[in-house]
Amino acid sequence: MKSQTITIVGGGITGLSAAFFAQRAMPDAQITVLESSELWGGVLQTESTEGYLIEHSADMFTTDPESAIQICEHLGKTDELLQTIPIDDRAYVATEDTIHPVPRGLSLMLPSDLESILATPLLSEAAKDRFQAEEQIAPNDWIQDESLLSFATRRFGREVYETLIQPLVGGIYTADPEKLSMQATMARFVAMEKQHGSLIQAGRVARGKAIQREASGARYGMFRAPKQGISELIRWIMESLPKVDFQINSSVESVAKVDAGWQVTTVGSDSKAVQKLETEGLVLATSAKISGRLLQSVDGELAKDLAKIEAASSAVVILGIDREQLGQEFSGYGIIVPSILNRDVIATSFGSNKFAGRAPDGKVLIRCFIGGALRRELVDLDDKKLVEMAIEELRLTVGFQGKPELTRVIRWRNCMPQYHLGHRDLVDGIEALTTNHQGLELAGNSYRGVGIPACIESGAKAVERLIAE
Ligand SMILES: Cc1cc2nc3c(=O)[nH]c(=O)nc-3n(C[C@H](O)[C@H](O)[C@H](O)COP(=O)(O)OP(=O)(O)OC[C@H]3O[C@@H](n4cnc5c(N)ncnc54)[C@H](O)[C@@H]3O)c2cc1C
């Protein structure tokens, strides 16, 4: 690139990471980030009120893959990160009338502590027998892609799937398990099945490695969050980029190819101030649907494929309560709710049990997730009804009585991409079509991972490809 102009559309973690990596690789480049809303960070928003530190969406990131922790290292901010409060039983599963801890050592579908699974009151004896038979089930070498429902029931049986695996995975992807692609979301379990013959055997190997790591003194805490909330990550990245032109209230309405590269047309918040920018490199860090719309007149086929990537909506009901209003002491990070129970809440997260400084002394910060791919109609209910649903769930699970002192309802519409069967092939095809357009890159949570680390990596890779061109 001669003049080195790069325009990034979307000021979420993906777009801002792209700006970060572009600035590092090309210190003299002219970089512009365009964000349609009045806030930076996309879905990552922290609110501080009445002594509570409230996360509107993500409240932490994993250190594996390493891209999120690495960007904090580059920014010199690792001292500003908190680890989760250490406790033994982190996640609980709801039953009709109570809750039980998720068996220890069960990492989604990787069981590294068989005794704990065989001892759990959550499963019947028949389900435990079926679970143990997993070692005898041959790997599936012939199916290209498989749904979560198919993979998990094939390996562990229906009851283990319904009681443990569906709610554990559902809490992350808010997805329809009959459509959720194993290859696109949990390929590591498919690989383990092939490599070790069974996930129980893979769990033994993983446990052996964990014991070795512990013996060597290494400490592996998986999750981190900035002390002052996840929005800090956004602020740190932006503050490290003084030369970047950040424009909020700048909605990109169209993009078009021109001789020098790309022309980007934006409108301001009053729908009047129209701006036309010319740029050599263009990174669309918006959802696949929005990127598809922007590329409609550039490449119809690409736009059509992008439109195939659906997204689910969810509501987050946030409650601040008095610890004494709980019928029982609860120190877990959260409670997942199996969909066979037909309840309204998918999962409950106890923010003040995960990280220090999230609620005033004696108070508890709780977030209930409602909606998702299976119950999308619930997101449109009014705030009062959604708060009632959250309170009812807390009554059933932790004996909550009374009224919360703080309530918030946040709706995220079409913000959680759904990686359906065949998603990986679809994305391979989208990336191949994108290479027909010099200077164009797509990045974001619609493609190869929804977590914060995957989004950061997606921004980094988009910039790498631009530079390689
Ligand atoms: C409720 C919830 C909980 C989550 N919890 C976790 C968690 O605990 N840990 C974790 O790692 N991940 C979590 N995630 C996932 C993760 O937070 C997201 O996948 C990630 O933040 C998405 O970042 P992004 O930049 O790709 O997209 P977004 O954050 O959606 O950003 C896209 C940006 O593009 C802007 N935009 C759209 N159209 C235009 C346009 N035409 N012109 C200009 N700008 C435009 C939007 O306004 C937005 O700011 C959660 C997500 C949700 C919704």
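The model shown is predicted, which means the values in this text are computed figures rather than measured ones. Note on numbering: residues in each chain are counted from 1, in written sequence order. Residue-level local features of this predicted model are given only where pLDDT is at least 70; pairs of side-chain atoms are given and counted only at 80 or more, and the full residue set underlies all totals for whole chains, interfaces and linings.

Participant: Please clarify how the nonpolar core should be interpreted in this entry.
Facilitator: The nonpolar side chains of soluble globular proteins are, as a tendency, buried together. Judged by nonpolar contacts, the single largest core of 131 residues is most densely connected at Ala 18, Ala 19, Ile 165, Val 283, Val 317 and Ala 390. Secondary structure elements follow DSSP: runs of H or I of four or more residues count as helices, runs of E of two or more count as strands, with numbering from the N terminus. A total of 8 residues in this core trace back to one element, the largest contributor, which is helix α16 (residues 452-468). Among all residues touching Ala 18, those that are not within four sequence positions of it are Ile 8, Val 283, Ala 285, Ala 443, Gly 459, Ala 462 and Val 463. What makes a nonpolar core is a set of buried Ala, Val, Leu, Ile, Met, Phe, Trp, Tyr and Cys residues, with links drawn between C-beta atoms within 7 Å. In this scheme every C-beta is placed from the backbone, and a residue whose C-beta has 20 or more other C-beta atoms within 10 Å is buried, one with 12 or fewer is exposed, and one in between is partly exposed. By definition, residue pairs are in contact when their C-beta atoms, positioned from the backbone, come within 7 Å.

Participant: In this structure, what is going on with the site of the ligand? I would like to understand it.
Facilitator: Near the ligand, the surroundings consist of 35 residues, among which Gly 10, Gly 12, Thr 14, Gly 42 and Ala 58 are the closest. Those elements that provide at least two residues to the shell around the ligand are α1 (13-25), β13 (251-258), β17 (311-322), β21 (406-417) and α16. Only Asp, Glu, Lys and Arg are considered charged, only Ala, Val, Leu, Ile, Met, Phe, Trp, Tyr, Cys and Pro nonpolar, and every remaining residue, Gly among them, polar. Looking at the shell around the ligand residue by residue, the class counts come to 18 nonpolar, 15 polar and 2 charged. Structurally, the shell around the ligand is a two-domain feature, drawing no fewer than three residues from each of domain 1 (5-43 + 231-309 + 419-468) and domain 3 (311-417). Throughout this description, a residue near a molecule or strand is one whose C-beta atom, derived from the backbone, lies within 6 Å of it. Where each domain begins and ends is defined by an automated method or by a domain database.

Participant: I would appreciate a short explanation of α16 in the present structure.
Facilitator: Residues lying three or four places apart along an α-helix face the same way, a consequence of the helix completing one turn every 3.6 residues. An ideal rise of 1.5 Å per residue puts 24 Å on 17 residues; α16 measures up with 24 Å between its terminal C-alpha atoms. In terms of burial, α16 is largely enclosed, as 12 of its 17 residues are buried. Contact partners of the buried residues in α16: β1 (5-9), α1, β5 (61-62), α2 (67-74), β16 (281-284) and β22 (440-442). Expected span, for any helix, means 1.5 Å times one less than how many residues it has.

Participant: How do you make sense of the environment of Glu 388 when you look at a structure like this?
Facilitator: If you trace the backbone, Glu 388 turns up in helix α14 (residues 383-398). Since 14 C-beta atoms lie within 10 Å of it, Glu 388 is described here as partly exposed.

Participant: Sorry if this is basic, but what is going on with the environment of Lys 461 here?
Facilitator: Among the secondary structure elements, Lys 461 is positioned in helix α16. Measuring from C-alpha to C-alpha, the distance between Lys 461 and Leu 118 comes to 43 Å, with 343 residues separating the pair along the chain.

Participant: So what exactly am I meant to see when it comes to the sheet that holds strand β14 (residues 261-267) here?
Facilitator: Sheets are built from strands that pair by backbone hydrogen bonding, the pairs being arranged parallel or antiparallel. If you trace the 3 strands from one edge of the open sheet to the other, you get β13-β14-β15, paired in antiparallel fashion. Every other strand in the sheet has two partners, leaving β13 and β15 (274-279) as the edge strands with one partner each. Pairs of neighbouring strands in the sheet enclose a mean axial angle of 20°, with direction left out of account. We treat two strands as partners when DSSP finds at least two bridges between them. Judged from the 7 bridges that link them, β13 and β14 form a sheet pairing that is antiparallel. In the strand pairing of β14, Val 258 is matched with Gly 261. Every axis in this analysis is a line fitted to C-alpha atoms, fitted for helices over the stretch in contact. Angles between the N-to-C directions lie between 0 and 180 degrees.

Participant: Please clarify how the packing of α1 against helix α10 (residues 231-239) should be interpreted in this entry.
Facilitator: Direction vectors running N to C along α1 and α10 enclose 25°, while the axes themselves pass 10 Å from each other. Looking at the two axes, α1 sits roughly parallel to α10. Where α1 crosses over α10, the handedness of that crossing is left-handed. Taken together, the residues of α10 that come into contact with α1 (itself represented by Ile 13, Leu 16, Ser 17 and Phe 20) are Leu 233, Ile 234, Ile 237 and Met 238. Each angle receives one of four descriptions, namely roughly parallel if under 35 degrees, roughly antiparallel if over 145, roughly perpendicular if within 65 to 115, and oblique otherwise. Crossing handedness follows the turn of the near helix against the far one: under a right angle anticlockwise gives a left-handed crossing, and clockwise gives a right-handed one.

Participant: How should I be thinking about the pairing of strand β3 (residues 46-49) in this particular structure?
Facilitator: Looking along a regular strand, one sees side chains alternate from face to face of the sheet. As judged from the 4 bridges shared by β3 and strand β4 (residues 52-55), these two strands associate in the antiparallel manner. Each bridged residue has a counterpart across the sheet, and for Thr 46 the counterpart in β4 is Glu 55. Hairpin remark: β3 followed by β4, antiparallel, with 2 residues in the connecting loop; positive phi at Glu 50, about 50°.

Participant: Is there a simple way to explain the sheet that holds strand β11 (residues 223-226) in this structure?
Facilitator: If you trace the 3 strands from one edge of the open sheet to the other, you get β5-β11-β6, paired in antiparallel fashion. Pairing within the sheet leaves two strands with one partner each, and these edge strands are β5 and β6 (81-83).

Participant: How should I be thinking about unusual backbone geometry in this particular structure?
Facilitator: Backbone phi values are negative for most residues with the exception of glycine, while trans is the configuration of most peptide bonds. With omega at 5°, the peptide bond leading from Asp 64 into Pro 65 counts as cis. Summarising the element assignment, Pro 65 is placed in the loop between β5 and α2. The phi torsion at Thr 174 lies on the positive side, around 40°, for a residue other than glycine. Structurally, the position occupied by Thr 174 is in the loop between α6 (158-173) and α7 (182-185). A residue is classified by how many C-beta atoms lie within 10 Å of it, and Thr 174, with 27 of them, is buried.

Participant: Explanation requested: the environment of Leu 123 in the structure shown.
Facilitator: Structurally, Leu 123 is set in the loop between α3 (114-119) and α4 (125-132). Here Leu 123 is in contact with Lys 128, Glu 159, Val 160 and Thr 163, once residues within four sequence places are set aside.

Participant: I tried to follow the domain arrangement of the chain on my own but got confused; where do I start?
Facilitator: Once the domains are mapped, the chain shows domain 1 (5-43 + 231-309 + 419-468), domain 2 (103-215) and domain 3 (311-417). Computed from C-alpha atoms alone, the centre-to-centre distance between domain 1 and domain 2 is 36 Å. Opposite the 6 residues of domain 1 that make contact, domain 2 presents 8 residues.

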